[in-house]
Amino acid sequence: MSTLAALAATTDNPVADFSDTPWWLSLVKALLVFVFLLINTLLVIWFERRVIGRMQQRPGPNRAGPFGLLQTLADGVKLALKEDIVPKAADKIMFWAAPAIAGAMAFVSFAIIPMGGTVWMFGHKTPLQLTDTPIATLLVLAVAGVGVYGIVLAGWSSGSTYPLLGGLRSSAQVISYEIAMGLALVAVFLYAGSMSTSQIVFAQNDLWYIVPAFFSFVVYVITMVGETNRLPFDLAEGEGELTGGFHTEYSSLKFAMFFLGEYVNMFTVSALATTLFLGGPAAPPGIAAIGDGMLNGGWWGLLWFVVKLWLFMFFFVWLRGSLPRVRYDQFMRLGWKVLIPTTLVWVVMVAFIRAAELGFLGDSKVSLLGRDFPRATLFIIACIALAVLVAAWFYDNHQVKRRAELEEARAMDEEIDPFAGGHPVPPLPGQRLVEPQLALSAARPAPVTDSGSEENRG
């Protein structure tokens, strides 16, 4: 263990040792990862429909198999047996290639995810990870960028307007939120000193990065929902304005490939969040101390990894059942005007904190709660807290001033007649509508009374 620790401290190369992993064992592990993702996809679709059913006070799927567990399988068979339609105006090569790209790229990213510790498998000692590189985390971002080509090509090759708009939306969405996602991961790279996933997991032995990089975790969670086109950010397939979005013209197994790719992408981004912020396959702190770490390695790591993974899956489902879809302009404003600037500032702060912890800003330390902290680190944290308080104070004052201006504008607003030009006109800011009640009452015929008929009868 000391040799491993020394290696991790002196290099950013992967900690995972694949020297005893022959090529055929890598193929076996690749097959196991593929099966693992397929089974979990079948389960999460059933899980999502059941949980949202409970949230909406209805049973959800409960007929096909025990507790409705075979409903997803039945839906897959139904999709396979449906007629495969190709639009006449479609570019047929790209129309067929788009779902293949979207589905295949969803599986590639999972290759660098450490799913457990080092185990014995078929007589060889190998990590529960397919592969790792010094820049493994960047591979996930690169593959996500390639995966969006499947969506863009699907919209363009369909030869239809609404799929094209859905593809354009998705490309803008992924570009916007991949920037914020990449910036959120920089803080983790600074703390771990590496981009290797196994190295990052090893660096979290003492403290999971969700604590020191909490803001990066929040930004990453927001961006991963946008990356996977899930509610409330599923704007590339908004039914209200784009019918079905980029996959409107798809049917049968080609549609199933997009459906599969979306759910596998959910597992991929969740697995990356687990790896970078929650210690990967490491056991929770209390359980990790049991029996000198007997539950914190080997095949036990796969259990903790799956538990953390499904916590994120529940989060995805909970969002879908709770929040409405946002407007597209609100979504893009959040990415470009909020997430990217604040994450840039956060990365600079983390860089200063890491420089202070590594002694670049002085060696003097202060003892707090039995631990020694660099004096420069505490000073930087205090400056950050002060800056946050000042920013919050300015923001509150701005909001109060804005409300006062709105109230004053309402008190002095101009009254307009919406029917003055012969057709209704919406009011401009600072204008107030005058309901044309008099005009309506004048145009209305006078009510008929029975007084005259009563006098005639008399």
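Below is a short write-up of the structure. (Residues numbered from 1 in each chain as written. Predicted model: local features only at pLDDT ≥ 70, side-chain atom pairs only at ≥ 80, totals over all residues. Heavy atoms only, no water.)

Running from N to C, helix H8 (residues 214-227) and helix H13 (residues 328-357) cross one another at 155 degrees; their axes reach a closest spacing of 11 Å. Between H8 and H13, the interaxial angle falls into the category roughly antiparallel. When the axes of H8 and H13 are compared, the crossing they make is left-handed. Judged by residue contacts, Phe 214, Phe 215, Ser 216, Val 219, Ile 222, Thr 223 and Gly 226 of H8 engage Phe 331, Leu 334, Leu 339, Thr 342, Thr 343 and Trp 346 from H13. When grouped by side-chain class, the residues that make up the contact of H8 with H13 number eight nonpolar, five polar and no charged. (Axes fitted to C-alpha atoms, helices over the stretch in contact; angles between N-to-C directions. Helix = DSSP H or I, 4+ residues; strand = E, 2+ residues; numbered from the N terminus. Parallel < 35°, antiparallel > 145°, perpendicular 65-115°, else oblique. Left-handed = near helix turned anticlockwise from the far one by under 90°. Contact = heavy atoms within 4.5 Å. Nonpolar A, V, L, I, M, F, W, Y, C, P; charged D, E, K, R; others polar.)

A few words on the pairing of strand S1 (residues 118-121). Side chains Val 119 and Met 121 of S1 all project onto a buried face; the interleaved residues Thr 118 and Trp 120 project onto a face where none is buried. For S1 and strand S2 (residues 124-127), the ladder comprises four bridges, and the chain directions are antiparallel. Note that in S2 the partner of Val 119 across the bridge is Thr 126. Counted between consecutive antiparallel strands, the loop separating S1 from S2 contains two residues, among which Phe 122 sits at a positive phi close to 55 degrees. (Buried < 20%, exposed > 50% of the residue type's maximum accessible area, 1.4 Å probe, protein only. Pairing = 2+ DSSP bridges.)

Turning to unusual backbone geometry, a few remarks are in order. Put simply, Leu 231 and Pro 232 share a cis peptide bond, and its omega is 5 degrees. Turning to its location among the elements, Pro 232 is positioned in the loop between H8 and helix H9 (239-242). Notably, Gln 57 is not glycine yet its phi reads approximately 60 degrees, a positive angle. By the secondary structure assignment, Gln 57 is in the loop between helix H2 (23-55) and helix H3 (71-81). The phi angle at Phe 122 is positive, at roughly 55 degrees, despite the residue not being glycine. With respect to the helices and strands, the residue Phe 122 is situated in the loop between S1 and S2.

With 26 residues, helix H10 (residues 252-277) should reach 38 Å at 1.5 Å per residue; the first-to-last C-alpha distance of 38 Å fits that figure. Counting buried positions over the 26 residues of H10 gives 20, a clear majority of the element. (Expected span 1.5 Å × (residues − 1).)

This paragraph deals with the side chain of Ser 176. Residue placement: Ser 176 occurs in helix H6 (residues 161-192). Using a relative accessible area of 2% as the deciding quantity, one classes Ser 176 as buried. Contacts of Ser 176, omitting those with residues within four sequence positions, involve Met 332, Trp 336 and Ile 340.

Ranked by size, the top nonpolar core spans 68 residues in total, and within it Leu 37, Phe 110, Ile 113, Tyr 220, Met 224 and Phe 277 carry the most contacts. When sequence neighbours within four positions are dropped, the list of residues in contact with Tyr 220 reads Met 181, Ala 184, Leu 185, Val 269, Leu 272, Ala 273 and Phe 277. If you look at the next biggest cluster of nonpolar residues, it comprises 11 residues, including Ala 90, Ala 98, Ile 151 and Tyr 250. (Core = buried A, V, L, I, M, F, W, Y, C linked by side-chain atoms within 4.5 Å.)

Considering the arrangement of structural elements, one finds Ala 283 in the loop between H10 and helix H11 (285-288). For Ala 283 and Gly 297, which are 14 residues apart along the polypeptide, the C-alpha to C-alpha distance reads 8.1 Å. Sequence-distant contacts of Ala 283, that is, excluding residues within four places in its chain, are made with Trp 208, Ala 288, Leu 295, Asn 296 and Trp 304.

Under the definition given, this model contains 23 aromatic pairs. Centroid distance Phe 315 to Trp 318: 6.1 Å. Interplanar angle 35 degrees. Geometry classified as tilted. With a gap of three residues between them, Phe 315 and Trp 318 both fall in helix H12 (residues 300-322), about one helical turn apart. Look at Phe 315 and you get partly exposed, because its relative accessible area is 25%. Their ring planes at 70 degrees and their centres at 5.0 Å tell us that Trp 393 and Phe 394 sit as a pair that is edge-to-face. With relative accessibility at 51%, the residue Phe 394 sits in the exposed group. (Phe/Tyr/Trp six-rings, centres within 6.5 Å; stacked < 30°, edge-to-face > 60°.)

Attention now goes to the pattern of salt bridges. Applying the stated rule across the entire model yields seven salt bridges. The shortest N-O distance in the salt bridge between Arg 230 and Glu 48 comes to 2.5 Å. A residue pair is termed long-range when its members are at least 10 positions apart, and Arg 230 in the loop between H8 and H9 and Glu 48 in helix H2 qualify at 182 residues. Here the two residues Arg 230 and Glu 48 agree in accessibility, since each one is buried. Each of the salt bridges in this network shares a partner with another, and the network as a whole consists of Glu 48, Arg 230, Glu 262 and Arg 320. (Salt bridge = Lys/Arg side-chain N within 4 Å of Asp/Glu carboxyl O.)

None of the figures reported here should be taken as evidence of function without further support.
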